[in-house]
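Architecture at a glance
Here is what each chain is made of, one letter per residue.
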Amino acid sequence: IDRRLFVLSAEQRIHLDPIYFEAAQKTDLLTIATPFVWIGAAACALAIATAMMEIYSTDADSPRQRTAGQVIRTLARDKAYVAGVACLFLYVGAQTIGWSSIVGYGTATLMASPGGGALIQAADVAKGMLLPGLLAFGAGRLMAFFLTRNGSVRPTLMLGVAAAMAAALTVTGVCLSNEAGLWCMIGVSGCMSVMYPTIFHLATKDLDSETLNVAAAGLVMAGSGGLAANFVSWEMDDSGIAGLLVAATAFAIIVVYAAWCARRDKEKAKAKEPDEALDIETENIDG
């Protein structure tokens, strides 16, 4: 969208002939609106298709054991879930800041480099760096899928390593403020792709099916972290450094959450060992 908009600034548009100004305005509005019209049409088609489908559930006919209020109170006492919602909120905010900052950071970096050129050319190159970031994001998600599918890597370890690398790369990018730092921002995108599904899993893995329905809705609502990132962006400078430091802090908090979940899993495993030993002894006595 941005590449197809008129590059004239607000001051330059003021001095345009009214006919040209109106034409530029209509063209820009059409450029912005068209993709969203197609997205809305696709969403409507998906809604209609879903409404026409019969979705079966194994527990659809079973009566509910608890009210919605009781389920919410149960979730509020679940530390792993509450912390998971908070971390998902921070993650979405950090993701929004990270991707938004690539353009500002890249533009400032490329302009400062030898032969960086004018603002418009540097901004165009920086916007082009969003594509490698998205490719890294997809590659990271695919890698995480295969690692968790084979069970070769614990989710807590994968989340902790990914968040730690994202924080380290973000801080490194802030310190370097050059083209190498820009590639660090691309690397952050690859690390972020692992976090959302892993946090979701750790927050809900101990919940029953009745509680999970409400819990999933709460986690999805945590996506409002992207909205909170807009408030942070108001305080950003042109290079996006302030926002990147906020994102690095969010990643560091997610590392703490991963470590806490890993410790919690170990404690649960130790607690099960005496029970299993007692069951074996009981079976031997009965035999």
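The notes below deal with the structure included here. What you are looking at is a predicted structure, and each value in this text was computed from that prediction instead of being measured.

1. Here we look at the overall build of the protein chain
Scanning the protein chain for helices and strands turns up 12 helices and 0 strands. Going from N to C terminus, the protein chain has its helices and strands arranged as α-α-α-α-α-α-α-α-α-α-α-α. Residue burial in the protein chain is summarised as follows: out of 287 residues, 31% are buried. Of the roughly 17800 Å² of accessible surface on the protein chain, a fraction of 67% belongs to carbon and sulfur atoms.

2. Concerning helix H2 (residues 18-52)
Taking 1.5 Å of rise per residue, 35 residues should cover 51 Å, and H2 covers 50 Å from first to last C-alpha, within 8% of that figure. The sharpest bend along H2 measures roughly 25 degrees and falls at Ala-33, with the proline Pro-35 sitting one to four residues further on. Taken together, the buried positions of H2 are occupied by Ala-24, Asp-28 and Thr-31.

3. Quick look at the nonpolar core
For soluble globular proteins, the rule of thumb is that nonpolar side chains tend to be buried together. Counting 32 residues, the largest nonpolar core has Tyr-91, Leu-159, Met-195, Ile-199, Phe-251, Ile-254 and Tyr-257 as its most contacted members. Of all the secondary structure elements, the ones that give two or more residues to this core are helix H3 (68-76), helix H4 (79-112), helix H7 (155-176), helix H8 (179-192), helix H9 (195-204), helix H10 (209-221) and helix H12 (241-286). One finds Tyr-105, Leu-182, Ile-186 and Ile-241 within the second-largest nonpolar core, a separate group that totals 10 residues.

4. Details of the side chain of Thr-156
Along the chain, Thr-156 falls in helix H7. You can call Thr-156 buried: its relative accessible area is 6%. Leave out the neighbours within four places in its chain, and Thr-156 touches Leu-202, Ala-258, Cys-261, Ala-262 and Asp-265.

5. Notes on the pattern of salt bridges
One side chain can pair with another of opposite charge once the charged atoms of both are near each other. By the definition in use, this model includes 5 salt bridges. A salt bridge links Lys-26 to Glu-22; the shortest N-O distance between them is 3.4 Å. Highlighted residues: Lys-26 and Glu-22, both in helix H2, separated by 4 residues, approximately one helical turn. Residue classification places Lys-26 among the exposed positions, given a relative accessible area of 53%. Here Glu-22 falls in the partly exposed class, since its relative accessible area comes to 41%. The partner of Asp-206 in a salt bridge is Lys-268, and the shortest N-O contact between them spans 2.6 Å. Remark: Lys-268 occurs in helix H12 and Asp-206 occurs in the loop between H9 and H10; sequence separation between them is 62 residues. Using a relative accessible area of 32% as the deciding quantity, one classes Lys-268 as partly exposed.

6. Focus: the packing of aromatic side chains
This structure, assessed with the given rule, holds 2 aromatic pairs. On the basis of an interplanar angle of 25 degrees and a centroid distance of 6.5 Å, the ring pair of Tyr-257 and Trp-260 is categorised as stacked. Taken together, the residues span about one helical turn, with Tyr-257 and Trp-260 both in helix H12 at a distance of 3 residues. On the accessibility criterion, Tyr-257 (4% relative accessible area) is buried. By relative accessible area, Trp-260 is classed as partly exposed at 31%.

7. Some words on H8
The α-helix winds at 3.6 residues per turn, so residues separated by three or four positions along the chain end up facing the same way. Helix length check: H8 (14 residues) gives 20 Å between terminal C-alpha atoms against 20 Å at 1.5 Å per residue, within 8%. Extensive coverage of H8 is indicated by the burial of 10 of its 14 residues. Where H8 is concerned, the buried positions are Gly-181, Leu-182, Cys-184, Met-185, Ile-186, Val-188, Ser-189, Gly-190, Cys-191 and Met-192.

Scoring rules and cut-offs
- Residues numbered from 1 in each chain as written.
- Predicted model: local features only at pLDDT ≥ 70, side-chain atom pairs only at ≥ 80, totals over all residues.
- Heavy atoms only, no water.
- Helix = DSSP H or I, 4+ residues; strand = E, 2+ residues; numbered from the N terminus.
- Buried < 20%, exposed > 50% of the residue type's maximum accessible area, 1.4 Å probe, protein only.
- Areas by Shrake-Rupley, 256 points an atom, 1.4 Å probe, with all protein chains shown as cover.
- Expected span 1.5 Å × (residues − 1).
- Bend = angle between axes of the 7 residues up to and from the residue.
- Core = buried A, V, L, I, M, F, W, Y, C linked by side-chain atoms within 4.5 Å.
- Contact = heavy atoms within 4.5 Å.
- Salt bridge = Lys/Arg side-chain N within 4 Å of Asp/Glu carboxyl O.
- Phe/Tyr/Trp six-rings, centres within 6.5 Å; stacked < 30°, edge-to-face > 60°.

Interpretation in functional terms is not warranted from these geometric data alone.
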